[in-house]
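Close look at the chain arrangement
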Amino acid sequence: MSIQSIPIHSILVSGRNTLAGPFEILDGIRQHCRNSDWDGSAWISPFEWVLEHNTETQSVCLRYTGVSSLGPPETARIFYDSDDNHDPATMQRLAYIRLCFWVLSSGLASVEELPVGTGDRPRLEVLKRMLAELSAKCPERVDWAERIYGILTEELEEFKRINATALSQAAEPELCATANGDETPCDVNLVHQPSAASSEPVNQAGRVMDDGREPPADKTRCPGEAAGQGDCSLEDRPVREAYPRAEPGCRDDSVTDPENEAVQSGDCHEVVDPADEAPPEPEWWAYLARRANPWTAPRIPRNARGGQPIEAIDVRLHVGLDGIRDAKLEFIGLQPGFPDSAGGFQFNPDDGVLTGSPNVAGGDYELVFDIPAPDGVKASPVRYLIPVTINPDPQSLWRTLEPPDDSRFRKRNRAGLYRRVADKSITWASVRGRSHAHEGGHRDDDCRIEELVDGWHVVAVADGAGSASCARLGSAVAVEACVNSLREQLDHEEIRQALRNAAETLASQEESERASQARGWEVLPKAAFDAQKAVLDKARELAIEDRALGTTLLAFMTCDIGTKSIVGAFSVGDGIIASIEATSGRSRLLSVPDTGEFAGQTKFLTNREVFLPESRPYSRLRIAVVDRPAMLIGMTDGVSDPKFSSDESMANPLSWRELVTELAAPLREMGSAADDGAAPLQQWLDFWAVGHHDDRTIAICMDQQFLDVYGAG
Amino acid sequence: MATNRRLPVYFLLDTSGSMVGEPIEALRTGVQSLVGALRQDPHALETLCLSLITFDREVSVILPLTSLEELQLPKIDCPDSGPTNLGMALKVLRERVEVEVRRSGESRDWRPLLFVFTDGGASDRQEFGRQVPEIKRLGFASVIGCAAGPKAKVDDLEQFCEHVVRLETMDGRSLASYFQWVSTAVASGNVSMGANPDMRLPAPPAEINVVI
């Protein structure tokens, strides 16, 4: 005895069953199970079901081999004619098996509830009833139920037509009645046994005479004829590739069809419906129609992105129809989706090219195309599905959440200031980055600018550490303490004088004579040190770790002496301080970024070793003499990272020209509107840069004529 | 100075014979939903790159390191039977990391992540013994092993994984849970990278027991 176990999934993909029908349904169900939102607990893997093909008894049975709660293994044993797997009766039986599988795999009925097994005879009504019940239990699956039922009845219609007599005689089609009318159970071998012991007079075709009457003795005559229906109703046999007619009993030598002179002799495989003298099917259609329907084409090679135009796709080429001009492609839409939804795609049927920008949410979709039957062929279209992955539009994914109401140390998400002082524009803007907005975090950057005595402008910019839990406080304390310290130091006459001397000396010297002279400039490192102290004291006061207030600090101070600006700068951490001269276009970096071992790591103000003598804190001090008109600019890495791709870029005046050109518009706008809050500059900070979503802060000290002389904007 | 840095994430997936049937099906679904979930995260879409390496009798790089936006998930196949050559898988992983991950220079990647999934242990003990010490040198930010099912050998995973989680069963629900957790871990690691080199794992769901 040979038992060949065929796992369901391989049945579905093997070429053996090339029928578009119940097998394809099952594949569709399986796919649907996977892609749908059915609860996994109700889904049984198809691997646990086995279609057993017992070649000796010539039976097919669906056997459950798993150990799920649905109960013990059950067999639905249906016998078939081994010679003819495409027998419509078998088709119907197998369809029933498929339906059972669907029912069981969806958990909608238990094995015991299904009318299978010995002593039971499923009928069309049973099928109908089951479908109705299933649809009621699972209303969202009504379309599936209808589709299956539709296909099943299609088969049944087919079956009816071919066996017109048999079915017309019977009140309803009986799937498993035996030839001699006995109400034998379904699992009795209904196969025609060519062996002599044939107590079941079965029609030579292997089919059962469902009406239970004696089959016609005359094997050469069609059943229809035998039943007294006159001619072998050829018009009831539409040409259909899927059902080769293995009906040796249909030898129609003795049958003449008055309408069709071209009587076939031999087998009925080539039966032509005389009612419509259609031209023969084009070969390409026959080929297409033979395949699974819908047929899944290869996936679109490049994933699409919401809101972005796709690379045009030659669909005909993609699905392999490029050589078949007569095959027309119709774009049906995108699924899953609303009906008639094109999802933003456009298809030109003339050149077969698909274009467009997806306007749907991200996910896996299928583009649906239909190929209608050629003229003269009555058949439903062949459907093609082309899988496509659509990535969401990244801009649509970014959320904006407010920080929790009960957070300690709140800070406004956006802030800024613009002032005109004498012939200078002083402005800064600071905005929360998309990263923090997405999580409902705070802006961790901060900035302070102040005008002090003797025309000194001081600027402090700080970037709170990402890993610091109260970074926003750290940066706020740092900038405030830094500016306060400078103010207090400059209150002392001797310090002021020293600084003024230093500045004047620098301004008057020739460039070549300028020695690096730190005298007077100690104010800056002292201010940074005071800022560190303030932050550490705050940490102690709040009884939190130092690193919880981790922050960088960029500080610079400037005053004008005649045609020159003198600048002193001091930095701890990353970010940039730079000067740009309008006339020469020269740009200079005035900060030395600290970079750590990994990307994103830098030194923080809270790191005590920064001001230890062995760390040479004065090496962080930079002093420059800049020709006016000039722009002095300080920014956190939230701005410098996206705008400067590398260190070389930062040293390149052209990169700076690009940046200044971008800044020109908001600067001019603020200049004319005198907007205190620096809204245009804040808006500029909202620029989109892939991969750069940090908080952004920029501070600018600029001579009024800078932009015009520089030639920007 | 970062221009769109990538976060490489490697998956080593056991496709040995014992995975045939529901386990491999659940694994496929799990990976699919992981990718789907990650695609909804704006940070992930910009920086994440995934690679899938399956191992049974052979080791196959079914998906070389590819950005989340571009990747198309291949079918995860499972031969009918076969040993679990985890050692060889680690060897192939090293080769891939050396080629694919940018370890220095201006556009260097974030430290990669490694997730290992197995329902057994290493069949190729010798190779496994050779490869384990080398894994640490690859500089993964975190190596997370998943020992799924009753026969999984946690000890093997503990040798080179910082964290090991256990799944009691390998049904659809457990695996779905596990991959959900993986996607949260990856997404949060993505956000905090650079700021915090010690990746802290999110709390695992009920079905998963964290061993280490």
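Residues numbered from 1 in each chain as written. Chains lettered and ligands numbered in written order. Predicted model: local features only at pLDDT ≥ 70, side-chain atom pairs only at ≥ 80, totals over all residues. Heavy atoms only, no water.

1. Digging into unusual backbone geometry
Most peptide bonds are trans, and most residues other than glycine sit at a negative phi. All names here are of chain A. This is how the line gets drawn: Each helix is a run of DSSP H or I of at least 4 residues and each strand a run of E of at least 2, with the numbering of both proceeding from the N terminus. Accessibility here uses a 1.4 Å probe with only protein chains present; expressed as a share of the type maximum, an area under 20% marks a residue as buried, one over 50% as exposed, and anything in between as partly exposed.
Between Gln 335 and Pro 336 the backbone carries a cis peptide bond, its omega angle lying at -10°. Residue position: Pro 336 is located in the loop between β8 (330-335) and β9 (345-348). Residue Pro 629 follows Arg 628 across a cis peptide bond; omega there is -5°. Tracing the sequence through the fold places Pro 629 in the loop between β21 (621-627) and β22 (630-635). Despite not being glycine, Arg 616 has its phi angle at roughly 50°, a positive value. Note that Arg 616 resides in the loop between β20 (587-589) and β21. Look at Arg 616 and you get exposed, because its relative accessible area is 58%.

2. Focus on the packing of aromatic side chains
The condition that has to hold: Aromatic pairing here means that ring centres of Phe, Tyr or Trp (its six-membered ring) are within 6.5 Å. Orientation follows from the plane angle: under 30 degrees is stacked, over 60 is edge-to-face, and everything else is tilted. Comment: the charge-over-ring label is applied if NZ (Lys) or CZ (Arg) is within 6 Å of the ring centre and within 35 degrees of the ring normal.
Overall, the coordinates contain 16 aromatic pairs over all chains when judged by the stated rule. Their ring planes at 35° and their centres at 6.2 Å tell us that Tyr178(B) and Trp181(B) sit as a pair that is tilted. Taken as a pair, Tyr178(B) and Trp181(B) lie in helix α6 (residues 172-192) at a separation of three residues, close to a single helical turn. Both residues of the pair, Tyr178(B) and Trp181(B), count as buried. Site record: aromatic cluster; members linked through ring pairs are Phe117(B), Tyr178(B), Phe179(B) and Trp181(B). Sitting above the plane of the Phe687(A) ring, Arg696(A) keeps its charged end 3.9 Å from the centroid.

3. Section: the sheet that holds strand β17 (residues 553-561) of chain A
Residues and elements named next belong to chain A. Note the cut-off: Two strands are said to pair when DSSP picks up at least two bridges between them. Under this scheme, a helix contributes an axis fitted over its contacting stretch, all axes are lines through C-alpha atoms, and angles between N-to-C directions fall in the 0 to 180 degree range. Residues are treated as being in contact if the distance between any of their heavy atoms lies within 4.5 Å.
With antiparallel pairing, five strands are arranged side by side in an open sheet as β15-β16-β17-β18-β21. The open sheet is flanked by β15 (445-451) and β21, the only strands paired with a single partner. Going across the sheet, the axis of each strand differs from the next one's by a mean of 15°, ignoring polarity. Here nine bridges tie β17 to strand β18 (residues 564-572), and the two strands are oriented antiparallel to one another. Bridge pairing in β18 links Ile 561 to Lys 564. Packing against the sheet, helix α13 (residues 493-508) makes contact with β17, β18 and β21, and its axis sits at approximately 65° to β17.

4. Structural notes on the confidence of the model for chain A
Residue and element names in this part refer to chain A. Using the following cut-off: Per residue, pLDDT captures the predictor's confidence, and it can take any value from 0 to 100.
Overall, the prediction assigns chain A a mean pLDDT of 70, with 58% of residues at 70 or greater. Model confidence for chain A, summarised as mean pLDDT per element, is weakest for helix α1 (residues 8-13) at 32 and strongest for β22 at 97. Low pLDDT (under 50) marks residues 1-51, which in the prediction has 118 contacts with non-local residues, meaning those over four places away or in another chain.

5. Examining the packing of helix α3 (residues 86-100) of chain B against helix α4 (residues 125-135) of chain B
Residue and element names in this part refer to chain B. Which entries qualify depends on this criterion: Handedness of each helix crossing follows the sense of rotation of the near helix against the far helix: counterclockwise by less than a right angle gives left-handed, clockwise gives right-handed. Residue type decides the class: Asp, Glu, Lys and Arg count as charged, Ala, Val, Leu, Ile, Met, Phe, Trp, Tyr, Cys and Pro as nonpolar, and the leftover types, Gly among them, as polar.
In contact at an axis separation of 8 Å, α3 and α4 are set at 35° when each is read in the N-to-C sense. In terms of crossing hand, the pair formed by α3 and α4 is left-handed. Only Glu 127, Phe 128, Gln 131, Val 132, Glu 134 and Ile 135 of α4 make contact with α3, whose side of the interface consists of Leu 86, Gly 87, Met 88, Leu 90, Lys 91, Leu 93 and Arg 94. Tallied by class, the residues present in the contact of α3 with α4 amount to seven nonpolar, two polar and four charged.

6. Let's talk about the pattern of salt bridges
Two side chains carrying opposite charge are able to pair once their charged atoms lie near each other. We count it as follows: One side-chain nitrogen of Lys or Arg within 4 Å of one carboxyl oxygen of Asp or Glu is enough to make a salt bridge.
Enumeration over the complete set of coordinates arrives at 39 salt bridges over all chains. Its salt-bridge partner being Glu69(B), residue Arg305(A) comes within 2.7 Å of it at the nearest N-O pair. Of this pair, Arg305(A) sits in strand β6 (residues 304-305) while Glu69(B) is found in the loop between β3 (59-67) and α3, placing the two residues in two different chains. For Glu69(B), a relative accessible area of 19% gives the class buried. Between Glu581(A) and Arg586(A) there is a salt bridge whose closest N-O contact spans 3.6 Å.

7. Here's the deal with the nonpolar core
Condition: Buried Ala, Val, Leu, Ile, Met, Phe, Trp, Tyr and Cys residues form a nonpolar core when they are joined through side-chain atoms within 4.5 Å.
Counting 41 residues, the largest nonpolar core has Trp456(A), Cys482(A), Leu486(A), Trp521(A), Leu553(A), Met557(A) and Leu605(A) as the members making the most contacts within it. Sorting the residues of this core by element identifies β16 (457-463), α12 (471-490), α13, α14 (523-542), β17, β18 and β21 of chain A as the ones contributing at least two each. Tallying contributions element by element places α12(A) first for this core, with nine residues. If sequence neighbours within four positions are ignored, Leu486(A) has contacts with Leu452(A), Val458(A), Val523(A), Leu524(A), Ala527(A) and Met557(A). Counting residues in hydrophobic clusters, the runner-up holds 40 residues, among them Leu7(B), Val31(B), Val35(B) and Leu175(B).

8. Quick look at the side chain of Asp695(A)
Residues and elements named next belong to chain A. Operational definition: We score Asp and Glu as negative and Lys and Arg as positive, and we do not count His or the chain ends. Here a polar contact is recorded for every N or O atom pair within 3.5 Å, except that within protein the pair must consist of a potential hydrogen donor and a potential acceptor, and residues adjacent in sequence are included only if both atoms are side-chain atoms.
Here Asp 695 lies in the loop between α18 (679-684) and β23 (696-703). Of the side chains with opposite charge, Arg 432 comes closest to the buried, unpaired Asp 695, at an N-O distance of 6.4 Å. Separated by 2.9 Å, the side chains of Asp 695 and His 436 make a polar contact. Of the polar contacts made by the side chain of Asp 695, one reaches the backbone nitrogen of Asp 444; its length is 2.6 Å.

9. A closer look at the packing of α12(A) against α14(A)
All names here are of chain A. We count it as follows: Throughout, the term roughly parallel applies to angles under 35 degrees, roughly antiparallel to angles over 145, roughly perpendicular to angles from 65 to 115, and oblique to all others.
At their nearest, the axes of α12 and α14 sit 8 Å apart, and the two run at 135° to each other. Classified by the angle their axes make, α12 and α14 are oblique. The hand of the α12/α14 crossing is right-handed. Counted together, Leu 473, Gly 474, Val 477, Ala 478, Ala 481, Cys 482, Ser 485, Leu 486 and Gln 489 of α12 and Val 523, Leu 524, Lys 526, Ala 527, Asp 530, Ala 531, Ala 534, Val 535, Lys 538 and Leu 542 of α14 form the full contact between these two elements.

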